[in-house]
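What follows is the residue order along each chain.
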Amino acid sequence: DSDIVLYKTRYSGFYATDLDLILQHRNIKTLVVCGVTLEVCVHTTVREANDRGYECVVLADCVGSYFPEFQRVALEMVKAQGALFGWVSDSGRALAALHA
């Protein structure tokens with residue numbers, strides 16, 4: 001497998017990119033999501049991923065925001081109502097799960 005770099009021009013990682021096709025081709029159903037800005041680009045990507053049937057885990061210590069309050073609220077929104085858009089975890093737990 002080779003590394004893939006996607007260049008996006010809008011908030012969502014899915015908009016006008018081959019991300020969905022790449023994930024489908026590799027039979028990937030769960031996404032571990034990191035990035036900036038949480039309340040804009042990360043949220044938009046996670047919401048679109050959810051609409052497309054992907055399960056998302058946002059790593060709280062691997063996302064950034066303009067303001068601490070925005071970050072707190074944006075993470076709460078992801079996991080609201082029993083993981084409405086996805087789950088929130090951290091890099092330590094994600095790495096431990098990958099090495100288990």
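Each remark here, short or long, concerns the structure printed above.
Residues numbered from 1 in each chain as written. Predicted model: local features only at pLDDT ≥ 70, side-chain atom pairs only at ≥ 80, totals over all residues. Heavy atoms only, no water.

## Looking at the overall build of the chain
Right, so step 1: Secondary structure assignment for the chain yields four helices and three strands.
Right, so step 2: Along its sequence from the N terminus, the chain presents helices and strands in the succession α-β-α-β-α-β-α.
Right, so step 3: The C-alpha radius of gyration of the chain comes to 13 Å, within 12% of the 13 Å expected for a compact globule of 100 residues.
Right, so step 4: Looking at the chain residue by residue over its 100 residues, the buried ones come to 33%.
Right, so step 5: In the chain, once contacts between residues fewer than 6 apart in sequence are set aside, the share between residues at least 24 apart is 65%.
Right, so step 6: For the chain, the exposed surface amounts to about 6,700 Å²; the carbon and sulfur share of it is 57%.
Right, so step 7: Taken together, the 9 basic and 12 acidic charged side chains of the chain have centroids lying 3 Å from each other. (Helix = DSSP H or I, 4+ residues; strand = E, 2+ residues; numbered from the N terminus. Rg over C-alpha atoms; globule rule 2.2 N^0.38 Å. Buried < 20%, exposed > 50% of the residue type's maximum accessible area, 1.4 Å probe, protein only. Contact = heavy atoms within 4.5 Å. Areas by Shrake-Rupley, 256 points an atom, 1.4 Å probe, with all protein chains shown as cover. Lys, Arg positive; Asp, Glu negative; His and termini not counted. Charge placed at Lys NZ, Arg CZ, Asp CG, Glu CD.)

## Remarks on the layout of surface pockets
Right, so step 1: Quantified by volume, the largest pocket comes out at close to 560 Å³.
Right, so step 2: In terms of lining, the largest pocket is formed by 22 residues, of which the most central are Leu-6, Gly-13, Leu-19, Val-32 and Thr-45.
Right, so step 3: At the level of elements, helix 1 (19-25), strand 1 (30-36) and helix 2 (38-51) are the ones that each hand at least two residues to the lining of the largest pocket.
Right, so step 4: Roughly 150 Å³ of volume is contained in the second largest pocket.
Right, so step 5: Val-32, Val-57, Leu-59, Ser-89, Arg-93, Ala-94, Ala-97 and Leu-98 are the residues that line the second largest pocket.
Right, so step 6: Among the elements of the structure, strand 2 (55-64) and helix 4 (91-99) are those that each provide at least two residues to the lining of the second largest pocket.
Right, so step 7: At four residues, helix 4 tops the list of elements feeding residues into the lining of the second largest pocket. (1 Å grid on protein atoms, 1.4 Å probe; cavity = no way out; pocket = protein on both sides within 12 Å on 5 of 7 lines; lining within 4 Å. Points joined across faces, edges and corners; volume = space filled by probe spheres on them.)

## A word on the side chain of Thr-45
Right, so step 1: Examined against the element boundaries, Thr-45 turns out to sit in helix 2.
Right, so step 2: Here the side chain of Thr-45 touches Gly-13 through a polar contact of 2.8 Å, landing on its backbone nitrogen.
Right, so step 3: The residues touching Thr-45, leaving out its near neighbours within four places in the chain, are Tyr-11, Ser-12, Gly-13 and Phe-14. (Polar contact = N/O pair within 3.5 Å; in protein donor to acceptor, adjacent residues only side chain to side chain.)

## Considering the pairing of strand 2
Right, so step 1: In this structure, strand 1 lies alongside strand 2, joined through six bridges in parallel fashion. What sits directly across from Val-36, in strand 2, is Gly-64.
Right, so step 2: Crossover handedness for the path strand 1 to helix 2 to strand 2: right-handed.
Right, so step 3: As defined by bridge partners, strand 2 adjoins strand 3 (residues 87-89) across three bridges and the pair is classed as parallel. Paired with Leu-59 across the strands is Ser-89, a residue of strand 3. (Pairing = 2+ DSSP bridges. Right-handed = clockwise from strand over helix to strand, strands pointing away.)

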